[in-house]
Amino acid sequence: MKAYLYLEDGTVFTGESIGSTRESISEVVFNTSMTGYLEVLTDPSYAGQAVTMTYPLIGNYGVTDDAESGRSYVGGYIVRELARVPSNFRCKGNLNDFLVEQDIPGIQGIDTRGLTKKLRDQGTMNGMISTTKYDDLGPILEKIKAYEVGDVVSQVTCKERKHLPGKGKKVVLLDLGAKRHIGESLNERGCDVTIVPASTTADEIIAMDPDGIMLSNGPGDPKTCTDIIKEIKKLYQTDIPIFAICLGHQLMALANGIDTKKLKYGHRGGNHPVKDAMTGRVYISSQNHGYVVDTDGLDPRVATPSFTNVNDGTNEGLMYTGKNIYTVQFHPEACPGPQDSAFLFDRFISMMEGGL
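How each quantity is defined
- Residues numbered from 1 in each chain as written.
- Predicted model: local features only at pLDDT ≥ 70, side-chain atom pairs only at ≥ 80, totals over all residues.
- Heavy atoms only, no water.
- Helix = DSSP H or I, 4+ residues; strand = E, 2+ residues; numbered from the N terminus.
- Buried < 20%, exposed > 50% of the residue type's maximum accessible area, 1.4 Å probe, protein only.
- Contact = heavy atoms within 4.5 Å.
- Areas by Shrake-Rupley, 256 points an atom, 1.4 Å probe, with all protein chains shown as cover.
- Lys, Arg positive; Asp, Glu negative; His and termini not counted.
- Charge placed at Lys NZ, Arg CZ, Asp CG, Glu CD.
- Pairing = 2+ DSSP bridges.
- Axes fitted to C-alpha atoms, helices over the stretch in contact; angles between N-to-C directions.
- Phe/Tyr/Trp six-rings, centres within 6.5 Å; stacked < 30°, edge-to-face > 60°.
- Lys NZ or Arg CZ within 6 Å of the ring centre and 35° of its normal.

Engineer: In this structure, what is going on with the overall build of the protein chain? I would like to understand it.
Structural biologist: When you go through the protein chain residue by residue, the secondary structure sums to ten helices and 19 strands. Based on the C-alpha atoms only, the size of the protein chain along its principal axes is roughly 60 × 45 × 40 Å. A buried classification covers 57% of the 356 residues belonging to the protein chain. Here the analysis covers contacts within the protein chain between residues at least 6 apart in sequence; of these, 72% occur between residues at least 24 apart. Of the roughly 14700 Å² that the protein chain leaves accessible, carbon and sulfur atoms contribute 47%. Charge-centre separation for the protein chain: the mean point of 36 positive side chains lies 2 Å from the mean point of 45 negative side chains.

The following block contains the structure:
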(Lines give C-alpha, C1' and ligand atoms only; values in the text may rest on other atoms or scores of the structure.)
Protein backbone atom coordinates (compact mmCIF):
# COMPACT_ATOMS: atom_id res chain seq x y z
CA MET A 1 0.00 0.00 0.00
CA LYS A 2 1.30 3.45 -0.88
CA ALA A 3 1.85 6.00 1.86
CA TYR A 4 2.56 9.72 1.76
CA LEU A 5 4.44 12.09 4.01
CA TYR A 6 3.07 15.63 3.69
CA LEU A 7 5.25 18.38 5.17
CA GLU A 8 3.91 21.77 6.20
CA ASP A 9 5.95 23.49 3.45
CA GLY A 10 4.02 21.53 0.80
CA THR A 11 6.67 18.88 0.13
CA VAL A 12 5.27 15.39 -0.45
CA PHE A 13 7.27 12.15 -0.13
CA THR A 14 5.75 8.99 -1.60
CA GLY A 15 6.65 5.58 -0.22
CA GLU A 16 5.19 2.38 1.17
CA SER A 17 3.00 2.07 4.25
CA ILE A 18 4.43 0.28 7.29
CA GLY A 19 2.82 -0.26 10.68
CA SER A 20 -0.63 1.19 11.28
CA THR A 21 -2.58 2.75 8.41
CA ARG A 22 -4.17 5.50 10.51
CA GLU A 23 -3.50 9.11 9.55
CA SER A 24 -1.25 11.02 11.93
CA ILE A 25 0.07 14.58 12.21
CA SER A 26 3.27 15.07 14.23
CA GLU A 27 6.39 17.15 14.51
CA VAL A 28 8.92 15.49 12.17
CA VAL A 29 12.40 14.98 13.65
CA PHE A 30 15.41 12.82 12.83
CA ASN A 31 17.64 10.49 14.85
CA THR A 32 21.17 9.56 13.75
CA SER A 33 21.53 6.37 15.82
CA MET A 34 22.64 3.31 13.86
CA THR A 35 21.20 0.88 16.43
CA GLY A 36 18.77 1.08 19.33
CA TYR A 37 15.65 1.72 17.27
CA LEU A 38 13.45 -0.02 19.87
CA GLU A 39 14.77 2.22 22.65
CA VAL A 40 14.07 5.22 20.41
CA LEU A 41 10.53 4.05 19.68
CA THR A 42 9.79 3.53 23.39
CA ASP A 43 11.44 6.71 24.69
CA PRO A 44 8.56 8.87 26.03
CA SER A 45 10.49 12.00 25.03
CA TYR A 46 9.33 11.40 21.44
CA ALA A 47 5.64 11.89 22.31
CA GLY A 48 3.97 13.93 19.58
CA GLN A 49 6.83 13.44 17.11
CA ALA A 50 7.34 11.37 13.97
CA VAL A 51 10.89 9.98 14.04
CA THR A 52 13.02 9.73 10.90
CA MET A 53 15.88 7.24 11.21
CA THR A 54 18.88 8.37 9.17
CA TYR A 55 20.51 4.91 9.07
CA PRO A 56 19.19 3.23 5.89
CA LEU A 57 18.22 -0.22 7.22
CA ILE A 58 16.12 -0.43 10.38
CA GLY A 59 14.73 -3.52 12.11
CA ASN A 60 17.40 -6.04 11.14
CA TYR A 61 17.66 -7.51 14.67
CA GLY A 62 13.92 -7.41 15.28
CA VAL A 63 12.15 -6.64 18.54
CA THR A 64 14.00 -7.49 21.77
CA ASP A 65 13.55 -6.84 25.51
CA ASP A 66 15.18 -3.40 25.26
CA ALA A 67 12.05 -1.23 25.55
CA GLU A 68 12.44 1.91 27.67
CA SER A 69 8.75 2.12 28.57
CA GLY A 70 5.64 -0.03 28.46
CA ARG A 71 4.47 1.40 25.15
CA SER A 72 5.48 3.69 22.31
CA TYR A 73 4.40 7.33 22.22
CA VAL A 74 5.80 8.34 18.82
CA GLY A 75 3.37 9.83 16.32
CA GLY A 76 4.96 8.18 13.29
CA TYR A 77 7.99 6.28 12.03
CA ILE A 78 9.95 7.06 8.87
CA VAL A 79 12.69 4.80 7.45
CA ARG A 80 14.49 4.17 4.18
CA GLU A 81 14.05 0.40 4.43
CA LEU A 82 12.36 -1.74 7.07
CA ALA A 83 13.88 -5.21 7.53
CA ARG A 84 11.15 -7.79 7.06
CA VAL A 85 13.16 -10.85 8.15
CA PRO A 86 15.13 -10.02 11.33
CA SER A 87 17.96 -12.18 12.61
CA ASN A 88 19.21 -12.12 16.19
CA PHE A 89 19.36 -14.64 19.03
CA ARG A 90 17.36 -12.23 21.23
CA CYS A 91 14.71 -11.52 18.59
CA LYS A 92 11.09 -11.96 19.66
CA GLY A 93 9.35 -10.59 16.59
CA ASN A 94 9.69 -8.19 13.68
CA LEU A 95 9.51 -4.42 13.85
CA ASN A 96 6.55 -4.03 11.50
CA ASP A 97 4.38 -6.20 13.76
CA PHE A 98 5.47 -4.02 16.69
CA LEU A 99 4.41 -0.87 14.81
CA VAL A 100 1.01 -2.41 14.03
CA GLU A 101 0.56 -3.56 17.64
CA GLN A 102 1.41 -0.07 18.94
CA ASP A 103 -0.80 1.62 16.30
CA ILE A 104 2.13 3.62 14.93
CA PRO A 105 1.75 4.74 11.30
CA GLY A 106 4.92 4.66 9.24
CA ILE A 107 6.39 5.04 5.80
CA GLN A 108 9.38 3.40 4.13
CA GLY A 109 11.06 3.74 0.77
CA ILE A 110 11.42 7.52 0.79
CA ASP A 111 14.62 9.52 0.52
CA THR A 112 15.35 9.86 4.24
CA ARG A 113 18.65 11.57 3.46
CA GLY A 114 16.81 14.23 1.46
CA LEU A 115 14.23 14.62 4.25
CA THR A 116 16.96 14.99 6.87
CA LYS A 117 18.81 17.60 4.82
CA LYS A 118 15.56 19.54 4.46
CA LEU A 119 14.99 19.48 8.24
CA ARG A 120 18.59 20.54 8.85
CA ASP A 121 18.33 23.41 6.34
CA GLN A 122 14.81 24.64 7.11
CA GLY A 123 14.38 23.42 10.67
CA THR A 124 12.02 20.96 12.29
CA MET A 125 8.53 21.10 10.78
CA ASN A 126 5.18 19.39 11.13
CA GLY A 127 4.13 16.59 8.84
CA MET A 128 1.39 14.07 8.23
CA ILE A 129 1.71 10.37 7.36
CA SER A 130 -1.27 9.11 5.39
CA THR A 131 -2.25 6.34 2.98
CA THR A 132 -4.55 8.82 1.20
CA LYS A 133 -3.32 10.82 -1.78
CA TYR A 134 -4.58 14.40 -1.52
CA ASP A 135 -4.67 16.47 -4.71
CA ASP A 136 -5.84 19.64 -2.98
CA LEU A 137 -3.20 20.29 -0.33
CA GLY A 138 -4.63 23.60 0.91
CA PRO A 139 -6.88 22.31 3.72
CA ILE A 140 -4.38 19.56 4.62
CA LEU A 141 -1.49 22.00 5.01
CA GLU A 142 -3.63 24.22 7.25
CA LYS A 143 -4.25 21.25 9.55
CA ILE A 144 -0.57 20.29 9.55
CA LYS A 145 0.64 23.81 10.29
CA ALA A 146 -1.86 24.17 13.14
CA TYR A 147 -0.55 21.10 14.97
CA GLU A 148 1.18 21.66 18.32
CA VAL A 149 2.86 19.03 20.47
CA GLY A 150 1.21 20.64 23.52
CA ASP A 151 1.19 19.20 27.04
CA VAL A 152 2.59 15.72 26.56
CA VAL A 153 4.23 15.21 29.97
CA SER A 154 0.83 14.41 31.49
CA GLN A 155 0.36 11.73 28.81
CA VAL A 156 3.64 9.91 29.42
CA THR A 157 4.20 10.11 33.18
CA CYS A 158 3.35 7.14 35.40
CA LYS A 159 -0.13 7.13 36.92
CA GLU A 160 0.94 5.89 40.35
CA ARG A 161 4.10 5.45 42.39
CA LYS A 162 6.52 2.65 41.61
CA HIS A 163 9.16 1.26 43.95
CA LEU A 164 12.56 -0.23 43.09
CA PRO A 165 13.77 -1.54 46.47
CA GLY A 166 17.39 -1.12 47.45
CA LYS A 167 19.53 -0.92 50.59
CA GLY A 168 21.37 2.28 49.72
CA LYS A 169 20.41 5.93 49.46
CA LYS A 170 16.73 6.74 49.12
CA VAL A 171 15.98 8.54 45.85
CA VAL A 172 12.71 10.01 44.58
CA LEU A 173 12.58 10.03 40.77
CA LEU A 174 10.09 12.57 39.37
CA ASP A 175 8.77 10.89 36.22
CA LEU A 176 8.41 13.53 33.50
CA GLY A 177 8.59 10.79 30.87
CA ALA A 178 11.41 8.75 32.38
CA LYS A 179 13.17 6.01 30.46
CA ARG A 180 13.24 2.69 32.33
CA HIS A 181 17.03 2.60 32.62
CA ILE A 182 17.21 5.85 34.60
CA GLY A 183 15.62 4.30 37.69
CA GLU A 184 17.43 1.03 37.04
CA SER A 185 20.81 2.79 36.80
CA LEU A 186 20.30 4.13 40.32
CA ASN A 187 18.84 0.86 41.58
CA GLU A 188 21.80 -1.12 40.21
CA ARG A 189 24.04 1.10 42.36
CA GLY A 190 22.08 0.11 45.46
CA CYS A 191 19.70 3.05 45.64
CA ASP A 192 16.16 2.60 46.92
CA VAL A 193 14.19 4.34 44.16
CA THR A 194 10.60 5.56 44.30
CA ILE A 195 9.25 6.77 40.96
CA VAL A 196 6.46 9.34 41.31
CA PRO A 197 4.08 10.97 38.77
CA ALA A 198 4.89 14.40 37.35
CA SER A 199 1.90 15.86 39.24
CA THR A 200 3.50 15.04 42.62
CA THR A 201 3.97 18.21 44.67
CA ALA A 202 7.21 19.35 46.22
CA ASP A 203 5.69 18.98 49.68
CA GLU A 204 4.81 15.35 48.96
CA ILE A 205 8.34 14.64 47.76
CA ILE A 206 9.93 16.37 50.74
CA ALA A 207 7.62 14.43 53.09
CA MET A 208 9.11 11.19 51.72
CA ASP A 209 12.41 12.27 53.32
CA PRO A 210 14.64 11.32 50.37
CA ASP A 211 18.43 11.43 50.38
CA GLY A 212 18.25 12.74 46.83
CA ILE A 213 15.85 13.75 44.07
CA MET A 214 16.16 12.98 40.38
CA LEU A 215 14.28 14.87 37.67
CA SER A 216 13.88 12.78 34.53
CA ASN A 217 13.82 13.36 30.82
CA GLY A 218 10.53 14.04 29.06
CA PRO A 219 8.84 15.42 25.94
CA GLY A 220 7.67 18.80 24.72
CA ASP A 221 8.40 22.46 25.27
CA PRO A 222 9.62 22.94 28.87
CA LYS A 223 7.81 26.28 29.13
CA THR A 224 4.43 24.52 28.98
CA CYS A 225 5.18 22.78 32.31
CA THR A 226 4.26 25.80 34.44
CA ASP A 227 2.86 23.90 37.44
CA ILE A 228 5.84 21.52 37.55
CA ILE A 229 8.27 24.45 37.38
CA LYS A 230 6.65 25.98 40.49
CA GLU A 231 7.13 22.73 42.41
CA ILE A 232 10.75 22.38 41.24
CA LYS A 233 11.42 25.89 42.53
CA LYS A 234 10.33 24.66 45.97
CA LEU A 235 12.62 21.63 45.68
CA TYR A 236 15.50 23.95 44.74
CA GLN A 237 14.99 25.88 47.99
CA THR A 238 15.67 22.76 50.07
CA ASP A 239 19.09 21.29 50.82
CA ILE A 240 18.24 17.93 49.23
CA PRO A 241 20.76 16.88 46.52
CA ILE A 242 19.18 16.99 43.06
CA PHE A 243 20.32 15.46 39.77
CA ALA A 244 18.32 16.30 36.61
CA ILE A 245 18.60 15.25 32.99
CA CYS A 246 17.14 16.50 29.72
CA LEU A 247 13.69 18.02 30.40
CA GLY A 248 14.45 18.03 34.12
CA HIS A 249 17.59 20.05 33.37
CA GLN A 250 15.52 22.59 31.43
CA LEU A 251 12.82 22.85 34.08
CA MET A 252 15.36 23.45 36.86
CA ALA A 253 16.78 26.28 34.75
CA LEU A 254 13.36 27.84 34.19
CA ALA A 255 12.62 27.53 37.91
CA ASN A 256 15.64 29.76 38.52
CA GLY A 257 14.91 32.40 35.90
CA ILE A 258 17.21 30.96 33.22
CA ASP A 259 15.60 30.90 29.78
CA THR A 260 15.24 28.04 27.29
CA LYS A 261 15.01 28.18 23.50
CA LYS A 262 14.14 25.84 20.66
CA LEU A 263 16.93 24.47 18.49
CA LYS A 264 16.61 24.59 14.71
CA TYR A 265 16.45 20.80 14.42
CA GLY A 266 17.48 19.43 17.82
CA HIS A 267 20.00 16.86 18.98
CA ARG A 268 18.85 13.25 18.57
CA GLY A 269 21.28 10.37 18.35
CA GLY A 270 24.02 8.46 20.12
CA ASN A 271 27.07 10.33 18.86
CA HIS A 272 26.98 13.85 20.34
CA PRO A 273 30.26 15.08 21.87
CA VAL A 274 30.05 17.06 25.12
CA LYS A 275 32.97 18.75 26.86
CA ASP A 276 33.38 18.70 30.64
CA ALA A 277 34.21 22.25 31.76
CA MET A 278 36.00 20.95 34.87
CA THR A 279 38.42 18.53 33.19
CA GLY A 280 38.34 19.48 29.51
CA ARG A 281 37.56 15.86 28.66
CA VAL A 282 35.09 15.13 25.85
CA TYR A 283 32.46 12.41 26.24
CA ILE A 284 30.30 10.94 23.49
CA SER A 285 26.69 11.12 24.63
CA SER A 286 23.19 9.94 23.82
CA GLN A 287 20.76 12.81 23.27
CA ASN A 288 17.13 13.46 22.43
CA HIS A 289 15.90 17.03 22.75
CA GLY A 290 14.63 19.95 20.71
CA TYR A 291 15.14 22.65 23.36
CA VAL A 292 18.21 23.89 25.23
CA VAL A 293 18.98 26.13 28.16
CA ASP A 294 20.02 29.60 27.01
CA THR A 295 23.11 30.54 29.03
CA ASP A 296 23.64 33.96 27.45
CA GLY A 297 23.91 36.31 30.38
CA LEU A 298 23.89 33.45 32.91
CA ASP A 299 24.44 34.81 36.42
CA PRO A 300 27.32 32.81 38.00
CA ARG A 301 25.73 33.45 41.39
CA VAL A 302 22.91 31.15 40.25
CA ALA A 303 24.72 28.52 38.15
CA THR A 304 27.76 27.87 36.00
CA PRO A 305 28.05 25.73 32.84
CA SER A 306 29.46 22.25 33.44
CA PHE A 307 29.17 20.71 29.96
CA THR A 308 29.12 22.19 26.46
CA ASN A 309 28.15 20.64 23.14
CA VAL A 310 31.30 20.45 21.02
CA ASN A 311 29.37 20.63 17.73
CA ASP A 312 27.39 23.82 18.22
CA GLY A 313 28.50 25.28 21.57
CA THR A 314 25.09 24.96 23.24
CA ASN A 315 24.79 24.27 26.94
CA GLU A 316 24.82 20.62 28.07
CA GLY A 317 24.89 20.98 31.85
CA LEU A 318 24.78 23.31 34.86
CA MET A 319 26.17 23.30 38.40
CA TYR A 320 24.07 25.41 40.76
CA THR A 321 26.07 27.76 42.94
CA GLY A 322 25.87 27.04 46.65
CA LYS A 323 23.58 24.06 46.05
CA ASN A 324 23.96 20.29 45.80
CA ILE A 325 22.34 20.41 42.38
CA TYR A 326 23.73 19.56 38.97
CA THR A 327 21.86 18.99 35.74
CA VAL A 328 22.77 17.70 32.27
CA GLN A 329 21.06 17.90 28.90
CA PHE A 330 22.21 14.49 27.66
CA HIS A 331 21.37 10.93 28.80
CA PRO A 332 23.98 9.35 31.12
CA GLU A 333 21.97 6.09 31.16
CA ALA A 334 22.25 6.02 27.32
CA CYS A 335 20.07 3.15 25.98
CA PRO A 336 20.73 3.46 23.13
CA GLY A 337 24.11 5.04 22.89
CA PRO A 338 27.54 5.10 24.52
CA GLN A 339 27.77 4.83 28.29
CA ASP A 340 30.71 7.22 28.62
CA SER A 341 28.88 9.45 31.09
CA ALA A 342 27.30 6.79 33.32
CA PHE A 343 29.71 7.98 36.02
CA LEU A 344 27.31 10.88 36.64
CA PHE A 345 25.06 8.51 38.57
CA ASP A 346 28.04 7.72 40.82
CA ARG A 347 28.64 11.43 41.23
CA PHE A 348 25.03 11.84 42.35
CA ILE A 349 25.45 9.09 44.95
CA SER A 350 28.66 10.75 46.14
CA MET A 351 26.75 14.02 46.49
CA MET A 352 24.11 12.31 48.63
CA GLU A 353 26.90 10.91 50.79
CA GLY A 354 28.28 14.39 51.39
CA GLY A 355 30.87 14.46 48.59
CA LEU A 356 30.69 16.48 45.36
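Structure's up, so let's keep going.
Engineer: Looking at this model, I keep getting lost on the sheet that holds strand 2 (residues 12-19). Mind explaining?
Structural biologist: The pairing of strands in a sheet happens through backbone hydrogen bonds and is either parallel or antiparallel. The strand order around the closed barrel built from seven strands is 1-2-8-6-4-3-9, with neighbouring strands paired in mixed fashion. Ignoring which end each strand starts from, the neighbouring axes of this sheet average 35° apart. Of the strands in this sheet, strand 1 (2-7), strand 2, strand 3 (24-31), strand 4 (49-53), strand 6 (76-79) and strand 9 (125-130) touch helix 3 (residues 112-122), which is tilted by about 90° from strand 3. Each of strand 1, strand 3 and strand 9 is contacted by helix 4 (residues 138-146), which is oriented at about 125° to strand 9, the strand it contacts most.

Engineer: Just checking my understanding: could you explain the packing of aromatic side chains for this structure?
Structural biologist: Two numbers describe a pair of aromatic rings. These are the distance of the centres and the angle of the planes. All told, the structure shown has eleven aromatic pairs when counted by the stated rule. Ring centres of Tyr 283 and Phe 307 lie 6.4 Å apart, and the angle between their planes is 65°; this geometry places the pair in the edge-to-face category. With Tyr 283 in strand 16 (residues 282-293) and Phe 307 in strand 17 (residues 303-309), this pair connects stretches of sequence that are 24 residues apart. Tyr 283 sits in the buried class, given a relative accessible area of 8%. Residue classification places Phe 307 among the buried positions, given a relative accessible area of 2%. Linked through ring pairs, Phe 243, Tyr 326, Phe 345 and Phe 348 together constitute an aromatic cluster. The ring of Tyr 326 has Arg 347 sitting right over it, with the charged end atom 5.8 Å from the ring centre.

Engineer: Got a minute to help me understand the sheet that holds strand 13 (residues 212-215) in this structure?
Structural biologist: Reading across from one edge, 10-12-11-13-14-19-18-17-15-16 is the order of the ten strands in this open sheet, with mixed pairing throughout. Each edge of the open sheet carries a strand with a single partner, namely strand 10 (162-164) and strand 16. Sheet twist, expressed as the average angle between the axes of neighbouring strands with direction ignored, equals 20°. Of the strand pairs in this sheet, strand 15 (residues 260-276) and strand 17 are connected by three bridges, and their pairing is antiparallel. By the bridge assignment for strand 17, Lys 275 is matched with Thr 308.

Engineer: Would you mind showing me how to read unusual backbone geometry here?
Structural biologist: Trans is the prevailing form of peptide bonds, just as negative phi is the prevailing case for residues other than glycine. Cis geometry is adopted by the peptide bond preceding Pro 336, which originates at Cys 335 and carries an omega value of 5°. Secondary-structure assignment places Pro 336 in the loop between strand 19 (325-328) and helix 10 (343-352). Non-glycine residue Ala 334 carries a positive phi angle of around 55°. Within the secondary structure, Ala 334 sits in the loop between strand 19 and helix 10. Judged by its relative accessible area of 0%, Ala 334 falls in the buried class. A positive phi angle is found at Cys 335, which is not glycine, with a value near 60°. Within the fold, Cys 335 resides in the loop between strand 19 and helix 10. With a relative accessible area of 13%, Cys 335 lands in the buried category.

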